[in-house]
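Observations on the three-dimensional arrangement
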Amino acid sequence: MDILETTQRCLLNWESGGDAECRKLLSGPHSNPHDADANATLTTAYHALISATLLSWPAKKSLSVDAVVAFVQSVLDHLPSSSAPSEKSPNVVAFGEILVDIIWAIDSELEEIIGDAKNAASTAEQGTMSPATVEQVVKVKGNAETDKSTIESIVRRLLLSGVLDPNICRERLDLTLLASVGLVGDKVAFERKEIRTRTGLFYKQNKFNLLREESEGYSKLTAELTSSLGPSHSPSTGYPTEPLKVIEARARPTWERTLGLIGYFDLDPNRVLDIILDVFSVHLASHYSFFIALLSFSPWGGRPRSTVKQEEMNVEPDPARFRGKSLMEVLKLAEEGSGADVDQIDSSNARVLAQVLGFKFTYYQSADVAETTPRNLYLMTALLIREGFLRLEDLYPHIGPSDEHMPDYHKAYLKNVEDRIAGAKISQLAMAAPLESSGPSISKARPAAAPEPKKEEKKEVPNQKLGLLNALLAVGAMRPAIAILSKFPWMVDAHPEIADLMIRALKHSISPLYESTVTLKDKTASFTKPRARYGAAGVVPAPERRSYLTLWAPTPPCTSAVDFVFFFPDWVRRVPVCNTYDDLIDILEPLMRFVGLHVSRDPAFLTKFLRIGRQHMLTTNTIDPETKKQVGTPDPNHPVRQFWFKVIRLYLLPALPLIRGNAVCTVEVWNITRQFETTLRWQLYGEWKAKTYKSHPELKVRYVQTDRESKGILRRLSHNTIDALSGTVAKLAHSNPCIFFTNAVNQIMAYDNLAGVVIQALNYVTIMGFDVLVYVILDALANPNKDRVKDDGVNTSDWLQSLASFTGMLFRRYSADLTPLLTYVVHQLHNGQTTEIIVFRELIWKMAGIQPLPSLSDSQITAMAGGPTLRIEAVASSTRGARLDPTDAVLKGPQRLGKALLDSSLALPLLIQVAQQRQACVFRAPDAHLKSLASLFDTTHGVLLQYLELLTTPTVLTPEDYAHKVVPPLSELGEKYGICAPMCMQIYRPILNKTLLAAALALQEKERIASEEAEKRLKAALTAKREPNTASRVASPNPGAETPANGETTTEAKTTAPNGDVSMDSPDGNPTTPLETPWLPELSPYFDEVKKIAPGNAADVIGPGFYLTFWQLSTYDLSPPAAKYDEECATLRTLSRTEDSLYRSAIGSSDRAKRMTATTHREKRDRINTIVNLLSQELMEQTAARVFTIKRLAREKQHWFSHNPKAATLAACIIEYCLQPRCLISPMDADFCAQFIKVIHMQGTPGFSTLMCYDKLLGDHVKVVVFSCSEYEARNYGRFLLGILTDISRWFQDEQLFLQENRTKSGGNTVFLPGLQLRWTPIPKPVIAQEDLITWADFKQVVRKWHRKLNKSLVECIETGEFMHIYNAIVVLKEILPVFPLASVTEFGGAHLARSMERFLQKEERGDLKILGRAYYASLKKREPFWAAPVSQPMVSLPPRCGLAYSAETMAFSSRPHPLLLQKGLPMESPLPSTTAVSHLLSLAALLLRLPRPPGLRHSSQPLS
């Protein structure tokens, strides 16, 4: 809005409301005439109004003097009461000054017009101007003179109304105008006096009484000041001991007496101020309040000072007052909140005070002055700035060095940093002087070097800006301090004491928020406070400390006798405080920018800040009110989380390397960092490792120092130095984990023997340290510049193997987060990086103790047919079983791995990826050698079996978790994920076994109940028989009356299946009750899924029932290793007794060290006893499962091949889809396959030809299989052939055994088994005659044929010269050596094989094949008596079957129970009534009838010995 146009428009309508409009326009500016805009508005408007009364500036509408004066008076009358015209109203005084200035400006212009008119008149007298011009000049001059009269009238009227101040008019208006309005009586006398005064002011020099001339006045001044000080401030608080009014009442007379001394002794005021400041600085600590009050009464005070209050008003501050404000606005609000307003400063007086102080600072900058600028001068100056006596900008030019020279100080700091870095890189030992020889030196003494002349050291200009900055921060003058820091932010780095003062302010700022949000524990007595002690005379009280006021900030630590108190306790009043979490963003973080990484200098502040941060982060989580647990995932874009991510990135992680050996800070940082997801955490670690150390000079120094320290520690680290260096390792890992762990991982990749030592040295590392270590490990694993395989393209590089082994050991010993590593392995396998499976293998091996593809002895393989506990005791007792060290048991590595797999939902992805890698790995390296491909396949296959063993271990994952949380449906494994059928069934077998075991145990329990019921009935019958009562005698002539009822009841009890679950067969093998379906209800639902995944025509030819039964069964179901259970239980009981004796010996020992081992022995004993109980329970369960399985097979066999497939086709399909794939998986599966053939033969399975199956397995089929196997598969295949050949050899050598195992008894009749039929009809015969079976003599001829074919196939493999043929053939030959070759079967087969091996060894040059061949040939020669063809052949003593613990009696389901089972009261498999039932019944009968108990039978209630 244009004020001039608006005013002129009001003038045009003055009589018709223009005056009211103009009055309304000016009422606002009149209320605040001090404002610059209001001042300009008033000046423009009134200049136009007054000009409208004059003739020199013609206007469209003129006003009279009366109208103008009346308008001014009306405006002032309409102002609010606070602004009403009065002598004391500052607004009226200011408006009067504005009018005086306007009148002075108009009067000056009129004087110029009149002067110009006079000049024009003199020119007109010379005749050089036209008459018209002369007339115009005369008119202008007349108008100007008239206007001056008008101005005089206006001034006179305004003076009378009191609008104008006469003193202001005399000060500013021209003398002529003053004389005209009567303000000056005698104009001439006034002019003379003015000239005289000006001459005295500007041309005469005043001669003050200087100190060197007359000291009395200054002495009296000093005495006056020191005598008026009053009592000192309280040393315990720093506050005055007197009320403020008393101090002011003493200061005011002191200043009045000082004025009297200045006037009486004619003292120089500036020198007086200088002395006051000197005395002030001396008594700063104890009397600063007196001098502040004294200066406030002086002309240098400049404004009413802010009072120093000891008691603050408890006013609740506005929580949002700082929100959205800049730092300077926040600091200004904090100053206003303390009652200060430092912006209202008299600039002229402040400039004088600044100059006097500037002279003092300049003095110490002189090169001739040796002393430094005193601290009290800095603090006094800072206090005066804080209290508003002067401004920083007034003093700034006087303090040195100048801003132009400040970069030189920065360069000097950077040069110092470079020198420190260079010094950190140099070995101090290399810098040491050479050691002197102990003998006499024969070298001539060197002449002493001439001393260099000393150079005169030039005094460096003191950095007074630094001193003043420290003082400003010390007294809490934050705004001027921040102004200096903003100009030179590097000063915090070069002078860390600035950071200490800033942290002091930050600590006070967060105190209210910390106390309100963080739960504080009960405060205990500080260790810095002395405590009472006990002496000879009793309790000696602690000495009381005396308080001492100090100028140092932060205050020094207290001593035993002195407590230091900062002299100015009010420094906290202007520091903004945080009351809410939002204040952290608006106050604390902007202040922390000036401190940066130097927050590390105060761990106490850092700890408080981090604990507040943890609570602040928790506000972003959704907590379930009932469970008090987090629900869902926090939003990563939440402003709070982004703020703390920024704080961690900019302040906390850069500060951590500078904190030496403080685990508390590291833990607190982790409490915030852990709340971010892994990717965000590792972003921080990546920047920390790659960029942060290069971003700051101090971090560059620390990087070099830490790098050198870490390498030195790793060089000294060994098994002998672990205890001494573990603490040092932890201190480095607390503060600089990226550097230390990077060096450690690099060393481990180069030296694999260092891994175990480093693992043991990490005892004291924090969780954050392990998190960084996992990041460093994965960073090294993912390094694209390192080759993962050797030159052959298949075998893993040494560095990867070493790092994988270290990773497994790390996670076994320490509870680091496994999820990132498991996720990395899944992603790498998904991307086709097969080598990463090594990491997973080592992880399972080290954490769970499950070795991939272990080399098992025959005894161990036999034990592997048992339950999980027996398997563990057989192969890993010292790492997972009873012999596990208690210290390792506490680690719970397998349990942690299982929990991590479930929690991360990575168990299934890993299983799928490993299974897919097993199938695809050989196609990923098509150019590799077959040997390398076989090794790669074995490695991947071993990891799959290892992983399945982990997942199916009950102590790692419960069977329910494995079935419901890990494995998908069976059809999904094959169809969706493309896993081959054998592996699908291998994965699914534990689920099926668990289901069937539950059914077997349920059936056993029902049989036990039925047996007890039968025992009760028998007991009742026997009791009734022995009691000669009348009823029985009467009924005896007609016993048939009750017999049918009893017989019916008994028959029903025997034949009815409990609850209809499973119907068992009668002793003659025929079902006693008709069945709706022969299949188990637990397995029949899987038939449709089996049809989907079964390969080829397996489902059509074999049928889903047989296929599922074959893949579901294992040696666990067929042959419980009872002898291994007995052996292991006996061994463990002996070990338990040993540990118990050691425990008793230790607990009663007088040696404290030995007593400390008692707990270990007790834990070992208890663990062993627990395992023994588990083994007993396992044997009971497995025996029940075997009984259940045999009965199930007897029932299902009639329906497996009821669709009557051709015998040859059926045998081929069973081999192709069942036996061949499974016998290659593991030694246990190989044993099962060989045993399963014998089992279904002994069952008399209709449609199955054992003879055809053996014929196909031992024909040309062998050569093809041998070539396609890897080494591990070849060993398994050899074991499978060993099982087959062992069974065949037994039949071959023993005709009776041959006849016995090919027939059975049923209902007293001999039934021939169909397995060895010579001819098969499309429809199997219901009854097999002896003529249909092969004779023993013909069978022996067939066996000779099989041996010849096998010999020929294996010899041809050796003679091919191809690596895999030869290698696998020799492996197979080593496995079947106990039964092949045999002279009793093939007379010259052994000699032919021996000659072939001799030829092979003569011409073979490949080292590995030659070594393998020599080993086999040596073993073959040892068995020469068995395969050579002498005149009289020795009897062949067949070794016991390895892992196939069955015999003819076993396969005939002998009724002889195992003693351990008999003691437990468990039934043994038998087609007859259960052994347990017979034992119960006969024992009861012997008891009742007083008959002797049959030998070998015990009552089931007899306890175990």
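Attention here is on the structure that accompanies the text. Keep in mind the model is a prediction, meaning the values are calculated, not measured.

To continue, consider the overall build of the chain. Of the regular secondary structure elements, the chain holds 68 helices and eight strands. Counting across all 1505 residues of the chain, residues that qualify as buried make up 49%. Sequence separation of at least 24 residues holds for 75% of the intrachain contacts in the chain that already meet a minimum separation of 6.

The next thing to look at is the nonpolar core. Core analysis: the largest hydrophobic core is formed by 334 residues, its most contacted members being Phe280, Leu384, Leu762 and Phe1280. By residue number, the principal contributor to this core is helix α45 (residues 981-1026), which donates twelve residues. When sequence neighbours within four positions are dropped, the list of residues in contact with Phe1280 reads Leu1219, Cys1223, Ala1230, Cys1233, Ala1234, Ile1237 and Leu1257. Of all hydrophobic cores here, the second largest spans 49 residues; its members include Ile3, Leu11, Cys22 and Val72.

On to the environment of Cys921, then. Relative to the elements of secondary structure, Cys921 occurs in helix α41 (residues 907-924). Along the backbone, Cys921 and Thr940 are 19 residues apart, and their C-alpha atoms lie at a distance of 7.8 Å. Excluding residues that lie within four positions of it along the chain, Cys921 makes contacts with Thr834, Leu936, Phe937 and Thr940.

Tallied over the entire structure, the rule returns zero disulfides. Looking at the unpaired Cys1253, the closest cysteine sulfur is the one in Cys1233, lying at 10.0 Å.

Now for the pattern of salt bridges. If you walk through the whole model with that rule in mind, you get 59 salt bridges. For Asp1166, the salt bridge is made with Arg1165, and the minimal N-O distance between the two is 3.2 Å. Asp1166 sits in the partly exposed class, given a relative accessible area of 35%. What makes Arg1165 buried here is its relative accessible area of 17%. Between Asp1287 and Lys1238 there is a salt bridge, with the nearest N and O atoms lying 3.9 Å from each other. Taken together, the residues span a long stretch of sequence, with Asp1287 in helix α59 (residues 1271-1293) and Lys1238 in helix α56 (residues 1227-1242) at a distance of 49 residues.

Right, let's talk about the packing of aromatic side chains for a bit. For the structure shown, the criterion picks out 44 aromatic pairs. Ring centres of Phe643 and Trp644 lie 5.3 Å apart, and the angle between their planes is 75°; this geometry places the pair in the edge-to-face category. As far as the burial class goes, Phe643 and Trp644 line up, both buried. Stacked on the ring of Trp552, the Lys or Arg Arg375 has its end atom at 3.5 Å from the ring centre. Taking NZ or CZ as reference, Lys465 lies 4.6 Å from the ring centre of Tyr396, over its face.

Moving on: helix α23 (residues 497-517). Here α23 spans 30 Å end to end across 21 residues, near enough to the 30 Å set by a 1.5 Å rise per residue. The sharpest bend along α23 reaches about 40° and sits at Ser511, with the proline Pro512 one to four residues further on.

A separate point is the side chain of Gln913. The residue Gln913 is located in helix α41 in this model. What Gln913 contacts, discounting residues up to four positions off in sequence, is Val826, Leu829 and His830.

The next thing to look at is unusual backbone geometry. Residues apart from glycine generally show negative phi values, whereas peptide bonds are mostly found in trans. In the segment running from Gly400 into Pro401, the intervening peptide bond is cis, with an omega of -5°. By secondary structure assignment, the location of Pro401 is in the loop between α17 (392-395) and α18 (406-425). In this chain, Ala553 is followed by Pro554 through a cis amide linkage whose omega measures -10°. With respect to the helices and strands, the residue Pro554 is situated in the loop between β3 (546-550) and β4 (562-566). Positive phi is not limited to glycine here, since Asp266 has a value of about 50°. When you line up the elements, Asp266 lands in the loop between α11 (244-264) and α12 (269-282). Of note, the phi angle at Ser905 is positive, near 55°, even though the residue is not glycine. Within the secondary structure, Ser905 is located in the loop between α40 (893-903) and α41.

How each quantity is defined
Residues numbered from 1 in each chain as written. Predicted model: local features only at pLDDT ≥ 70, side-chain atom pairs only at ≥ 80, totals over all residues. Heavy atoms only, no water. Helix = DSSP H or I, 4+ residues; strand = E, 2+ residues; numbered from the N terminus. Buried < 20%, exposed > 50% of the residue type's maximum accessible area, 1.4 Å probe, protein only. Contact = heavy atoms within 4.5 Å. Core = buried A, V, L, I, M, F, W, Y, C linked by side-chain atoms within 4.5 Å. Disulfide = S-S within 2.5 Å. Salt bridge = Lys/Arg side-chain N within 4 Å of Asp/Glu carboxyl O. Phe/Tyr/Trp six-rings, centres within 6.5 Å; stacked < 30°, edge-to-face > 60°. Lys NZ or Arg CZ within 6 Å of the ring centre and 35° of its normal. Expected span 1.5 Å × (residues − 1). Bend = angle between axes of the 7 residues up to and from the residue.

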